[in-house]
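Understanding the architecture of this molecule
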Amino acid sequence: MSLYDVLITIHIFSAIVGLGPGFVMIYIVTKAETMTELRHAYKVRNRIHLFVMVGGTLLIITGIAMGLIRPYLFGQFWYFSSIILFLIALSAGPIVLAPNSKPIKKLLQQYEGEKIPETYYPLAKRLFFYERITNILFFIIILLMITKPL
């Protein structure tokens, strides 16, 4: 097995471990009906996010490493576009997702009732809107990796 084959194997497993769970992170919290359930759902979501971060980091490292081994990949539309889209999606974390999740984290820590407050829903809607955009970017990346157009 060549180094490239090892990298592509790590890359594929990283996509499964890193991207797969990311697609269900919204669904996990949308079914909560009480604050106890919502807090638990966000706790689960945070644990899953660790897989997403590790998998995502391995994806970009192995993806670029494969390009360094086979430089012609940088001239391929599907490869170059995938890296650009991935970097855009990755930058959404600290630029858009983190600032939109902070008010939710604060609410989860400070709110004392059992009924989910109405103030939560617009905050979640805004966060989930941006998460869906990143999920669409990841879906496009997966599609590019499978079809390899141009």
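It should be noted that the structure appears before, not after, this text.
Reference entry: report on the structure contained in this document.

1. With respect to the packing of helix α1 (residues 3-22) against helix α3 (residues 35-69)
α3 packs onto α1 with a crossing angle of 150° between their chain directions and a minimal axis gap of 7 Å. Taken together, the axis directions place α1 and α3 in an arrangement best described as roughly antiparallel. As α1 runs across α3, the sense of the crossing is left-handed. Its residues assigned to classes, the contact of α1 with α3 comprises 17 nonpolar, 8 polar and no charged.

2. Looking at the pattern of salt bridges
Applying the stated criterion across every chain, the model contains 2 salt bridges. A salt bridge links Arg 45 to Glu 131, with the nearest nitrogen and oxygen atoms 2.1 Å apart. Of this pair, Arg 45 sits in helix α3 while Glu 131 sits in helix α5 (residues 120-147); the two residues are 86 residues apart in sequence, bridging distant segments of the chain. The two residues Arg 45 and Glu 131 agree in class, both being buried. Of the charged contacts, one joins Lys 115 and Glu 118 as a salt bridge, the two residues approaching to 3.7 Å between their closest N and O atoms. Taken as a pair, Lys 115 and Glu 118 share a single burial class, namely exposed.

3. A closer look at the packing of helix α4 (residues 77-110) against α5
Taken N-terminus to C-terminus, the directions of α4 and α5 make an angle of 165°; their axes are 9 Å apart at the nearest point. Overall, the two elements α4 and α5 adopt an arrangement that is roughly antiparallel. In terms of crossing hand, the pair formed by α4 and α5 is left-handed.

4. Description of the packing of aromatic side chains
On inspection of all chains with the given rule, the structure shows 6 aromatic pairs. Centroid distance Tyr 120 to Tyr 121: 5.4 Å. Interplanar angle 70°. Geometry classified as edge-to-face. Joined through ring pairs, the aromatic side chains of Tyr 42, Tyr 120 and Tyr 121 make up one cluster. Against the face of Tyr 4 rests Arg 70, its NZ or CZ located 3.6 Å from the ring centre. One residue, Lys 148, lies across the ring of Trp 78, its end atom 4.7 Å from the ring centre.

5. Description of the nonpolar core
Soluble globular proteins tend to bury their nonpolar side chains together. With 17 residues, the main nonpolar core has Leu 73, Phe 86 and Phe 138 as its most contacted residues. Going through the elements one at a time, α1, α3, α4 and α5 are the ones with two or more residues in this core. Per element, the largest residue contribution to this core is 6 residues, and it comes from α4. If near-sequence neighbours (up to four positions away) are discounted, Phe 86 is found in contact with Gly 56, Leu 59, Ile 60, Phe 138 and Ile 141. Val 29, Leu 38, Ala 41 and Leu 108 belong to the second largest nonpolar core, which has 16 residues in total.

How each quantity is defined
Residues numbered from 1 in each chain as written. Predicted model: local features only at pLDDT ≥ 70, side-chain atom pairs only at ≥ 80, totals over all residues. Heavy atoms only, no water. Axes fitted to C-alpha atoms, helices over the stretch in contact; angles between N-to-C directions. Helix = DSSP H or I, 4+ residues; strand = E, 2+ residues; numbered from the N terminus. Parallel < 35°, antiparallel > 145°, perpendicular 65-115°, else oblique. Left-handed = near helix turned anticlockwise from the far one by under 90°. Nonpolar A, V, L, I, M, F, W, Y, C, P; charged D, E, K, R; others polar. Salt bridge = Lys/Arg side-chain N within 4 Å of Asp/Glu carboxyl O. Buried < 20%, exposed > 50% of the residue type's maximum accessible area, 1.4 Å probe, protein only. Phe/Tyr/Trp six-rings, centres within 6.5 Å; stacked < 30°, edge-to-face > 60°. Lys NZ or Arg CZ within 6 Å of the ring centre and 35° of its normal. Core = buried A, V, L, I, M, F, W, Y, C linked by side-chain atoms within 4.5 Å. Contact = heavy atoms within 4.5 Å.

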